[in-house]
Amino acid sequence: MDSSVTATHAHLAERAYHIRRNALLMGEVQGQGYVGQALDIADVLAVAYFHAMDYRPDDPEWDGRDRFLLSNGHYAIALYAALIEAGIVPQEELETYGSDDSRLPMSGMASYTPGMEMSGGSLGQGLTIAVGHALGLKRKGSKSFVYTLFSDGELDEGAVWEALMSAAHWQLDNMIAIVDINNQQADGPSSQVMAFEPLVDKMEAFGWFTQRIDGNDLAAVIRAFDAAREHPGRQPRMIIADTRMGCGVPFLEAREKNHFIRVDAHEWQLALEALDAGRTA
Amino acid sequence: MSTAAAQKPKLKTSAMIASIAAEGQRTKSAPFGHALVELAGARPDVIGMTADLGKYTDLHLFAKAYPERYYQMGMAEQLLMGAAAGLAKEGALPFATTYAVFASRRAYDFIHQTIAEDDLNVKIVCALPGLTTGYGPSHQATEDLALFRAMPNMTVIDPCDALEIEQAVPAIAAHKGPVYMRLLRGNVPLLLDEYDYKFELGKAKLLRDGRDVLVISSGIMTMRALEVAQALADDRVDVGVLHVPTIKPLDIATILREAGRSGRLVVVAENHTTIGGLGEAVATALLSAGVTPPFRQIALPDAFLDAGALPTLHERYGISTEAMAKTIKGWLG
């Protein structure tokens, strides 16, 4: 790595640390939350918000922004953590997470939160909306990208495949989709609930420029986002990110894998300490 | 009975696309398609989208006139609604068309979450509402009004004829927020021009006054009610017709005013199941205001309806002019 790449890497590692920390602090507020997913996707969010995307923190509706659609609404805690880090949501609101009258409800909704582009929660919808955004941006002659984060479990939903087929049909080269493969969904490992491999072959067969990476290898994530943006083909772009639930907090990462990681009250502080230990290591 | 009804109606087939126009009835071709083309001339933000039903929702006229503003989304109603939401977020005014069954049943959650929750400016215009096809329950949208009435932020329109559709298109475009509109396509009956009618969003209109009965109706049942009123006039039964094309928000003030006039049987007639449509909406409004006229419903049963020719089915389920006239006379004793 040359020095600028090293600097970028260090900067984004710091951002990812803050996103993880924000998520743990929010989890502690409520005593629960999808922190396993927040920890696994923090590297992707750090690269999206602090390397790839164009936006104005003080004007989240700025028309020239890159759009980020959170299809898996239960990952809201992760996106809030990034939106706080990005200055789109004030740091003070962190402690309102999941509380009455908060702008940060436990499942992400467009009508609540600055920077939240869609109401997720009902899974498998994000890519369909992204198709509309991408078509609309092309109508306007906009150069903005539409990023959509969705989860491996959402591959069970038929509408995802409707959207995958449509994005290629319309040659939506302004769409960048990230599928988080943590192999955990509500009833167990995603691959056992409904087998989805070979995913690269499927995405390529559907006409997408496809990369598969270790989603917790920051350098790989940076390269994948760069390649997705710079790919010359008139194709939508897919990043398949294999991630580890609880990444960054070893004792949570090692915990028996669950869709919803249990964190006891005394463990939040331990988790923060473990995260800090990893940062200085 | 009218002269048209006196002779045995020529039975049409049970094909999916059956005309609802009676033999010899005045019609207008593709009022929605023509109106949307006209609107698009004035509003560059209008786009047309469909899920493999452009020809069958009269959207093909728009596609021909404005190909660069037309999106064929394939046979994928969930995608249609999600993409309409995304386009609306980017400032477009999408008119998304499909059959009423597919919007209400198949894509309900997508409309709920991607369009209605964010209060987006998407107009959902759907053919084959209620019992307007003989193709059986797969294509008969007998629950759509109940479903869309229940959806927050949604405006729900059930127009009667070609004139009303033409007028409703610019009106729903001018309204900010999601709209579900039932669509009559192809050769659509034309009758409201004889009543000096003008569609206003959210307004009920008294088309005809009458001493004995007040029919409160929407959609094609207003056409039937006007025919019934003419038929029963020969029997000295005086039937008034209050047309309620906007099912939600309901024009409660006008309904209370007309239904509150004493001495009249109030009959709500709708091309929809008895459950959750105009009838229950009117009943709730009346009871909540302490207005309690004699009240009856003419509507489709809570059942999966038969396949068959439309005239047969309208007779069988009591929404033909003849069946409706007979039912009302029976109630009057």
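Before reading on, note that the structure itself is shown above.
Conventions and cut-offs
- Residues numbered from 1 in each chain as written.
- Chains lettered and ligands numbered in written order.
- Predicted model: local features only at pLDDT ≥ 70, side-chain atom pairs only at ≥ 80, totals over all residues.
- Heavy atoms only, no water.
- Salt bridge = Lys/Arg side-chain N within 4 Å of Asp/Glu carboxyl O.
- Helix = DSSP H or I, 4+ residues; strand = E, 2+ residues; numbered from the N terminus.
- Buried < 20%, exposed > 50% of the residue type's maximum accessible area, 1.4 Å probe, protein only.
- Contact = heavy atoms within 4.5 Å.
- Buried area = accessible area lost by both parts, 1.4 Å probe.
- Nonpolar A, V, L, I, M, F, W, Y, C, P; charged D, E, K, R; others polar.
- Polar contact = N/O pair within 3.5 Å; in protein donor to acceptor, adjacent residues only side chain to side chain.
- Phe/Tyr/Trp six-rings, centres within 6.5 Å; stacked < 30°, edge-to-face > 60°.
- Lys NZ or Arg CZ within 6 Å of the ring centre and 35° of its normal.

Trainee: Help me understand the pattern of salt bridges, please; the structure alone is not making it clear to me.
Mentor: Pairing of side chains with opposite charge becomes possible as their charged atoms draw close. On inspection of all chains with the given rule, the structure shows 33 salt bridges over all chains. Between Asp-43 of chain A and Arg-20 of chain A there is a salt bridge, and its shortest N-O distance comes to 2.7 Å. One end of the pair, Asp-43 of chain A, is in helix α2 (residues 35–52); the other, Arg-20 of chain A, is in helix α1 (residues 3–30), and 23 residues separate them in sequence. As a salt-bridge pair, Arg-261 of chain B and Glu-258 of chain B come within 2.9 Å of each other at their nearest N and O atoms. On the accessibility criterion, Arg-261 of chain B (35% relative accessible area) is partly exposed. When salt bridges with common partners are traced through the structure, they connect Asp-209, Arg-257, Glu-258, Arg-261 and Arg-264 of chain B into a single cluster.

Trainee: In this structure, what is going on with the environment of Val-267 of chain B? I would like to understand it.
Mentor: All names here are of chain B. Tracing the chain through its elements places Val-267 in strand β13 (residues 265–273). Taking the relative accessible area as the measure of exposure, Val-267 reaches 0% and is therefore buried. Taking the C-alpha atoms as reference points, Val-267 and Ala-103, separated by 164 residues in sequence, lie 29 Å from one another. Setting aside chain neighbours within four positions, we find Val-267 in contact with Val-213, Leu-214, Val-215, Ile-216, Arg-296, Ile-298, Ile-328 and Trp-331.

Trainee: What should I look at first to understand the interface of chain B and chain A in this one?
Mentor: Buried accessible area, meaning the area lost when the parts come together, often serves as the stated size of an interface. In this complex, chain B contributes 23 residues to the contact, which on the side of chain A involves 26 residues. Between chain B and chain A, the buried area comes to about 2,000 Å², and carbon and sulfur atoms account for 55% of it. Remark: the boundary between chain B and chain A carries two salt bridges. Where Lys-140 of chain A meets Glu-90 of chain B, a salt bridge forms, and the shortest distance between an N and an O atom there is 2.7 Å. For the side of chain B that touches chain A, the element with the most residues is helix α4 (residues 77–89) of chain B, which contributes eight residues. For the side of chain B that touches chain A, the residue count by class is nine nonpolar, six polar and eight charged.

Trainee: I would appreciate a short explanation of the side chain of Glu-258 of chain B in the present structure.
Mentor: Residues and elements named next belong to chain B. Assignment of secondary structure puts Glu-258 in helix α10 (residues 252–259). Judged by its relative accessible area of 5%, Glu-258 falls in the buried class. For Glu-258, the side chain forms a polar contact with the side chain of Arg-261, separated by 2.9 Å. Ignoring any residue separated from it by four or fewer positions in sequence, one finds Glu-258 in contact with Leu-206, Leu-214, Leu-242 and Arg-264.

Trainee: Could you clarify how one ought to interpret the packing of aromatic side chains in this entry?
Mentor: Any aromatic ring pair is given by two values, namely how distant the centres are and how the planes are angled relative to each other. Overall, the coordinates contain 13 aromatic pairs over all chains when judged by the stated rule. Measuring from centroid to centroid gives 5.4 Å for Tyr-49 of chain A and Phe-68 of chain A, while their planes differ by 55 degrees, and the two rings are tilted. Here Phe-68 of chain A lies in strand β1 (residues 67–70) and Tyr-49 of chain A lies in helix α2, a separation of 19 residues in the sequence. The same class applies to Tyr-49 of chain A as to Phe-68 of chain A, namely buried. Ring geometry for Tyr-147 of chain A against Phe-225 of chain A: centres 5.9 Å apart, planes inclined by 20 degrees, an arrangement best described as stacked. In this pair, Tyr-147 of chain A sits in strand β2 (residues 146–151) while Phe-225 of chain A sits in helix α8 (residues 218–230), placing the two residues 78 residues apart along the sequence. Judged by relative accessible area, which is 0%, Phe-225 of chain A ranks as buried. Three or more aromatic residues link up through ring pairs in this structure, and these residues are Tyr-49, Tyr-55 and Phe-68 of chain A. Between the NZ or CZ atom of Arg-69 of chain B and the centre of the ring of Tyr-66 of chain B, over which it lies, the distance is 4.4 Å. One residue, Lys-205 of chain B, lies across the ring of Tyr-197 of chain B, its end atom 5.4 Å from the ring centre.

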